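# Inside the fold
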Amino acid sequence: MRQYLKVVIAILAIYLLFYFQIVSIDAFITFTSNLSAVDILKLVTLTFLLVIGTYFRWYFCSIFFGIHIPKKKLIKVSSEAYTFGQIIPGQLGIDGWRILQFKDLDETRFKSKLLAVTIVEKIISLLAQLIVFILFLFILFEVKIAFYKIAFLFIFILFGSILFFKISKYLIQKKLQVDIQNGSTWNLLKIFIFSISLNLGACCLIFFISQTMLGDDGLSFLRTSIAMLASNISAAIPITPNGVGLAEFLYSKMLSIMGEDSKTVLHGTSYLIYRIFNILGHFCVYVSSTFITSLKWRLPIE
């Protein structure tokens, strides 16, 4: 029965969201009634860009360890992992599912290269979220800093990141005993910048959802972004599967503090819709890739 614990906790978390009025059906109805064709096009396009970008962040990290994944297989396996890894019972999860499917590309005994790719990708993703979160806090509270201090801070972050990546490289080579390609530090910085752009895209997605939900009463881009980033970072702590319930609660409470407490249910539902868009994005990519693959096999070969 332990293998079904993940599903039970997720269902319970969603039930508690409705019970404590963090989310509601009425808020979903409000969102759908406010949707226009332009809103749908905007949200769907941004969702698919984020979904594909997430796959390729993992792909870029895999190159450092000499793993060359065909792009079609990358999209099919990653979409499959993000679709089923979040909802199936058991402890496999997204990363485990992906490692299992790509195991033939890693010649090491314990699949150390794939494990290293996963660790590096997680670290870069978390650091990028923290940097954007701190930057937005500075802007929101109008922290005034002299130009030379900003320049010093930029240099500090740059060299700090290089030092951190070099230490990480040493630990991976020492502990996991896998080789990393030369010039990886600068390439990791490029992926770090790419990851920051993905986070900015996610900030735009939650902002557009909030604007559709609340209209002219919606909060600013900075406020929705800060709440979303804090919620995503909290999801790294495995209290509930993929942060279900906890992220929605934190997002709604943070925006209630920065905005109006009476709109808690609208804020919480906005984040749940953001989550649904992500899941449906992965699912649609998976269905499309599976259909194209099956169609290819059925076509007669001349």
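Counting restarts for each chain, with residues numbered from 1 along the sequence as it is written. In view of the model being predicted, local features appear only for residues whose pLDDT reaches at least 70, and side-chain atom pairs are presented and counted only at 80 or more, with totals across whole chains, interfaces and linings using the full set of residues. Only hydrogens and water are removed before side-chain values are computed, so all heavy atoms of the structure are retained for them.

### A look at the overall build of the chain
Cut-off, in case you're wondering: In DSSP terms, a helix is any run of H or I states spanning at least four residues, a strand is any run of E spanning at least two, and both are numbered starting from the N terminus. Each residue's exposure class comes from its accessible area (1.4 Å probe, protein chains only) as a fraction of the maximum for that residue type: buried when under 20%, exposed when over 50%, partly exposed otherwise. Should any heavy atoms of two residues lie within 4.5 Å, those residues are counted as being in contact.
Scanning the chain from terminus to terminus reveals 11 helices and 0 strands. Reading the secondary structure of the chain in the N-to-C direction produces α-α-α-α-α-α-α-α-α-α-α. Here the chain holds 302 residues, and the buried ones make up 44% of them. When contacts within the chain are restricted to residue pairs at least 6 apart in sequence, long-range pairs at least 24 apart make up 74% of them.

### With respect to a nonpolar patch on the surface
As a reminder, the rule being used: Only residues whose relative accessible area exceeds 30% and that take part in no salt bridge are eligible for patches, with like-charged residues grouped when within 9 Å of each other and nonpolar side chains (Val, Leu, Ile, Met, Phe, Trp, Tyr) grouped when within 5 Å. Note on areas: Shrake-Rupley with a 1.4 Å probe; residue coverage comes only from the protein chains shown. A pair is scored as a salt bridge if a Lys or Arg side-chain nitrogen falls within 4 Å of a carboxyl oxygen belonging to Asp or Glu.
Where nonpolar side chains cluster on the molecular surface, the patch consists of Leu 126, Leu 130, Ile 134, Leu 135, Phe 138 and Ile 139 and spans about 480 Å² of accessible area. If you trace the backbone, Leu 135 turns up in helix 6 (residues 112-140).

### Structural notes on the nonpolar core
To be explicit about the condition: Nonpolar cores were defined as sets of buried Ala, Val, Leu, Ile, Met, Phe, Trp, Tyr and Cys residues, with membership established by side-chain atoms within 4.5 Å.
By size, the foremost hydrophobic cluster in this structure holds 33 residues, and its most contacted members are Ile 209, Met 228 and Tyr 274. Contributions of two or more residues to this core are made by helix 2 (25-34), helix 3 (37-63), helix 6, helix 8 (184-214), helix 9 (221-234), helix 10 (246-258) and helix 11 (264-298). The element best represented in this core is helix 8, accounting for 8 residues. Contact partners of Met 228, with chain neighbours within four places excluded, come to Asn 199, Ala 202, Cys 203, Ile 206, Tyr 251, Tyr 271 and Tyr 274. Counting residues in each nonpolar core, the second largest holds 28 residues, with Phe 64, Val 77, Val 117 and Phe 192 among its members.

### As for the pattern of salt bridges
Under the criterion given, the structure shown has 5 salt bridges. Between Lys 42 and Asp 39 there is a salt bridge whose closest N-O contact spans 3.9 Å. Here Asp 39 and Lys 42 lie together in helix 3, a separation of 3 residues that amounts to about one turn. Judged by relative accessible area, which is 15%, Asp 39 ranks as buried. Taking the shortest distance from any N to any O, the salt bridge between Glu 121 and Arg 57 comes out at 3.1 Å. In this pair, Glu 121 is assigned in helix 6 and Arg 57 in helix 3, connecting sequence segments 64 residues apart. On the basis of relative accessibility, which here comes to 2%, the residue Glu 121 falls in the buried class. When its relative accessible area of 9% is taken as the criterion, Arg 57 is described as buried. Salt bridges linked by common partners bring Asp 95, Arg 98 and Lys 122 together as one network.

### Observations concerning the state of the cysteines
Test applied: What counts as a disulfide here is a pair of cysteine sulfur atoms lying within 2.5 Å.
All told, the structure shown has 0 disulfides when counted by the stated rule. Looking at Cys 204, it has no disulfide partner, and the nearest cysteine sulfur is the one in Cys 203, 7.0 Å off.

### Quick look at the confidence of the model for the chain
This is how it is decided: Every residue is assigned a pLDDT by the predictor, reflecting its confidence on a scale from 0 to 100.
Of the residues in the chain, 78% reach a pLDDT of 70 or more, and the chain-wide mean stands at 82. Per-element averaging of pLDDT across the chain places helix 7 (residues 147-176) at the bottom with 67 and helix 3 at the top with 94.

### As for the environment of Phe 28
With respect to the secondary-structure elements, Phe 28 resides in helix 2. Each residue touching Phe 28, except ones within four places of it in the same chain, is listed here: Phe 18, Thr 269, Leu 272, Ile 273 and Ile 276.

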